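Breakdown of the fold
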Amino acid sequence: MSGTQLPEVVPASGMPASVTIWEVGARDGLQNETTVLSAQTKIEFINRLAATGLPIVEATSFVRPEWVPQLADAEDVMAALPLDEAVRYPVLVPNLAGLERADAAGVRDIAVFASATETFAKKNLNRTLGEQMNMFAPVIQEAKARGMSVRGYVSMCFGDPWEGVVAKSQVVSVCGQLLAAGCDSISLGDTIGVATPGQVHELITDVTRFVDIAALAVHFHDTYGQALSNTYAALQAGVTTVDSSAGGLGGCPYAKSATGNLATEDLVWMLDGLGIATGVDLASLVQTSRWLADELGRPSPSRVVRALS
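In this report, the structure presented in the accompanying data block is examined. (Residues numbered from 1 in each chain as written. Predicted model: local features only at pLDDT ≥ 70, side-chain atom pairs only at ≥ 80, totals over all residues. Heavy atoms only, no water.)

Counting buried positions over the 6 residues of strand β9 (residues 185–190) gives 6, a clear majority of the element. The alternating pattern of β9 places Ser 185, Ser 187 and Gly 189 and Ile 186, Leu 188 and Asp 190 on opposite faces, both of which are buried. Of the strand pairs in this sheet, strand β6 (residues 149–155) and β9 are connected by 4 bridges, and their pairing is parallel. Looking at the pairing, Arg 151 lines up with Ser 185 of β9. Looking at chain direction, β9 and strand β10 (residues 216–220) are connected through 5 bridges and run parallel. By the bridge assignment, Gly 189 is partnered in β10 with His 219. Taken together, β9, helix α8 (residues 197–207) and β10 form a β-α-β motif whose crossover is right-handed. (Buried < 20%, exposed > 50% of the residue type's maximum accessible area, 1.4 Å probe, protein only. Helix = DSSP H or I, 4+ residues; strand = E, 2+ residues; numbered from the N terminus. Pairing = 2+ DSSP bridges. Right-handed = clockwise from strand over helix to strand, strands pointing away.)

So, in structure tokens, the structure goes:
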């Protein structure tokens, strides 16, 4: 990949010196794929991602297999990962039964998945907006009691396909409830990819009145091509953890308008150009996404993967 190295630069004033990339390709990226991959392929994918220097690789989800068939092999995947190494392998856990499975598999980092809107809560969780914490609070509290770290995802933070624009006060309320229940960090999700940089800056400003900026992450989908612009706005607002998916994989089985996540390669290319450290080897990451694209039988959506291939 000669000619792809960017000149060394210093981050602009107000930009972070480093960013933690929370890689979601093996979970959020694969969950909506129609081609069901073998456990061995997923294990190789995760190991390849970890070898690129990514510090966090979200590995799978302990949901009922009929809900997300692609991730029905969660125990097999986790059993093959080197959980004693420096890389963290969080998993999604929807309820106490999932927590028990995750704990038995040696998991130390979990995530729960809340909604900022009534309709999505009902479709995704079979709960109302007001009832969803009755489902999550016991999981969070039990996970903390067992020494686990807990992340709270908040979906539909900027727009909902059924309800339209989402009031910032709803997002702030859900974030507050998750923190009060014991979550260590919060990820703001643009599940259907409708956010714009101005919205991002405004929401982060509101949320960080109650949430420490160090505990906040962002999770963008690229439906309207705004994922990188929105990430830039989040960095300007002080966020230093960004979710992304290798190769731009991803969607949401409960929100059909959701397209791929922000591609990790595109994110690393931008951060490298800004002089912001990630510890990720871009060439290795591109090779990994090219390999997975071959496994899935289709080209990678990532612009950087296509450009460097």
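Right, let's get into the sheet that holds β10. Here 9 strands make up an open sheet; going across it, the order is β2-β1-β11-β10-β9-β6-β5-β4-β3 and the pairing parallel. The sheet is open, and its two edges are formed by β2 (56–57) and β3 (60–61), each paired on a single side. Across the sheet, helix α6 (residues 132–145) lies against β5 (109–115) and β6, angled at about 165° from β5, the strand it touches most. (Contact = heavy atoms within 4.5 Å. Axes fitted to C-alpha atoms, helices over the stretch in contact; angles between N-to-C directions.)

What follows concerns the side chain of Asp 190. On the secondary structure map, Asp 190 appears in strand β9. Buried and without a salt bridge, Asp 190 has Arg 303 as its closest oppositely charged side chain, separated by 13 Å. At 3.0 Å, the side chain of Asp 190 and the backbone nitrogen of Ala 195 are in polar contact. Setting aside its immediate chain neighbours within four residues, Asp 190 contacts Phe 158, Ala 195, His 219, Phe 220, His 221 and Asn 230. (Lys, Arg positive; Asp, Glu negative; His and termini not counted. Salt bridge = Lys/Arg side-chain N within 4 Å of Asp/Glu carboxyl O. Polar contact = N/O pair within 3.5 Å; in protein donor to acceptor, adjacent residues only side chain to side chain.)

So, about the packing of aromatic side chains. In total, this model carries 4 aromatic pairs according to the counting rule given. The interplanar angle of 35° and the centroid separation of 6.5 Å between the aromatic rings of Phe 45 and Trp 291 together place this pair among those described as tilted. Highlighted residues: Phe 45 in helix α2 (residues 39–51) and Trp 291 in helix α11 (residues 282–296), separated in sequence by 246 residues. Both residues of the pair, Phe 45 and Trp 291, belong to the buried class. Directly above the aromatic system of Trp 291 lies the positively charged group of Arg 48, at a separation of 4.3 Å from the ring centroid. Taking the ring centre of Trp 22 as reference, the NZ or CZ of Arg 151 above it sits at 3.6 Å. (Phe/Tyr/Trp six-rings, centres within 6.5 Å; stacked < 30°, edge-to-face > 60°. Lys NZ or Arg CZ within 6 Å of the ring centre and 35° of its normal.)

Another aspect to go through is unusual backbone geometry. We note that Asn 126 has phi near 60°; this positive angle belongs to a residue other than glycine. Along the chain, Asn 126 turns up in the loop between α5 (118–125) and α6.

With that settled, the discussion passes to the environment of Tyr 153. Within the element layout of this structure, Tyr 153 appears in strand β6. Assessed through its relative accessible area of 2%, Tyr 153 is described here as buried. Sequence spacing of Tyr 153 and Pro 16 is 137 residues, and the spatial spacing of their C-alpha atoms is 23 Å. A distance of 2.6 Å separates the side chain of Tyr 153 from the side chain of Glu 58, its partner in a polar contact.

Okay, the pattern of salt bridges next. Taken as a whole, this structure holds 18 salt bridges when the rule is applied. A salt bridge links Lys 42 to Asp 73, with the shortest nitrogen-to-oxygen separation between them at 3.0 Å. Residue Lys 42 is located in helix α2, and its partner Asp 73 is located in the loop between β3 and α3 (74–79); the two are separated by 31 residues in the primary sequence. Note on accessibility: Lys 42 and Asp 73 belong to one class, buried. Across the pair Lys 168 and Glu 202 runs a salt bridge whose closest N-O atoms are separated by 3.8 Å.

Within the largest apolar cluster, 91 residues are counted, with the highest numbers of intra-cluster contacts made by Ile 110, Leu 178 and Leu 188. With 7 residues, α6 is the largest single contributor of residues to this core. Aside from chain neighbours lying at most four places away, what touches Leu 178 is Val 112, Ala 114, Met 133, Ile 140, Gly 152, Tyr 153, Val 154, Cys 183 and Ile 186. Formed by 6 residues, the second largest nonpolar core is a distinct cluster that contains Val 24, Ile 56, Ala 111 and Tyr 153. (Core = buried A, V, L, I, M, F, W, Y, C linked by side-chain atoms within 4.5 Å.)

This brings us to α11. In a regular helix each residue adds 1.5 Å, so 15 residues correspond to 21 Å; α11 covers 21 Å between its end C-alpha atoms and thus fits that length. Those residues of α11 that fall on the buried side of the exposure criterion are Leu 282, Leu 285, Val 286, Thr 288, Ser 289, Trp 291, Leu 292, Ala 293 and Leu 296. Lining the buried residues of α11 we find α2, α10 (264–274) and α12 (303–308). Positive backbone phi, approximately 75°, marks Gly 297, located one or two places after α11. (Expected span 1.5 Å × (residues − 1).)

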